[in-house]
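The chain contents come next:
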Amino acid sequence: ERLQFDATVPAGLASASFPPMMIQSLVENAIRHGLEPKPEGGSVNLHAEVRDGKLCVIVEDTGMGFSTNARAGIGLANIRERLQQLFGANAALTIEPRQPGGTRATITVPYAVA
């Protein structure tokens, strides 16, 4: 009851190629680090879109927020390493604060249909 979740992926993107297990890590981080310490809980929203020929998968939470002092954990380091190995400079993971609170994590990869 402390967690609300919404996923919005346009039907045309359902067949897009995307590396497995990366989304799970981002959702897990949003819940564990953002929402779990917040007594009232909050929401996690997942959505996908194509921007400039790249697939962007975005996980946003309304949790405790982004800390510039936080250490990058092994999950995020693994995602960055996998993206580098699979796509080189054509992919990225960005983590940024979300207004008015929470965190936004975005994985950007070349858009391709599986």
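Presented here is a report on the structure given in the accompanying data block. (Residues numbered from 1 in each chain as written. Predicted model: local features only at pLDDT ≥ 70, side-chain atom pairs only at ≥ 80, totals over all residues. Heavy atoms only, no water.)

## Observations concerning helix α2 (residues 74-87)
What counts is decided by this rule: Segments assigned H or I by DSSP are reported as helices when at least four residues long, segments assigned E as strands when at least two residues long, and all are numbered from the N terminus. Expected helix span is given by 1.5 Å per residue-to-residue step, counting one fewer step than there are residues. Throughout this description, buried means an accessible area under 20% of the type-specific maximum (1.4 Å probe, protein chains only), exposed means over 50%, and partly exposed covers the range between. By arc we mean the arc of the directions from the helix axis to the C-beta atoms, nothing more. The contact rule is simple, with two residues in contact once any of their heavy atoms fall within 4.5 Å.
In this model, α2 (14 residues) spans 20 Å end to end at C-alpha, consistent with the 20 Å of a helix rising 1.5 Å per residue. Leu 76, Ile 79 and Leu 83 are the residues of α2 that are buried. Viewed along the axis of α2, the buried residues span an arc of 55°, placing them on a single side of the element. Turned more than 90 degrees away from the buried face of α2 sit Ile 74, Gln 84 and Gln 85, all of them exposed. For α2, the secondary structure elements touched by its buried residues are α1 (22-35), β4 (92-97) and β5 (103-110). A positive phi of about 60° marks Gly 88, the residue just after α2.

## Let's talk about the pairing of strand β1 (residues 3-8)
Two faces belong to every sheet, and in a regular strand the side chains alternate between them. To keep it simple, the criterion reads: The criterion for strand pairing is that DSSP finds at least two bridges linking the strands in question. With the strands aimed away from the viewer, a crossover counts as right-handed if its path from the first strand over the helix to the second runs clockwise.
Pairing geometry for β1 and strand β2 (residues 42-51), over six bridges, is parallel. Across the sheet, the residue bridging to Thr 8 is His 47, located in β2. Regarding topology, α1 serves as the crossover connection from β1 to the parallel β2, and that connection is left-handed.

Take it as geometry only, folks, not as evidence of what the structure does.
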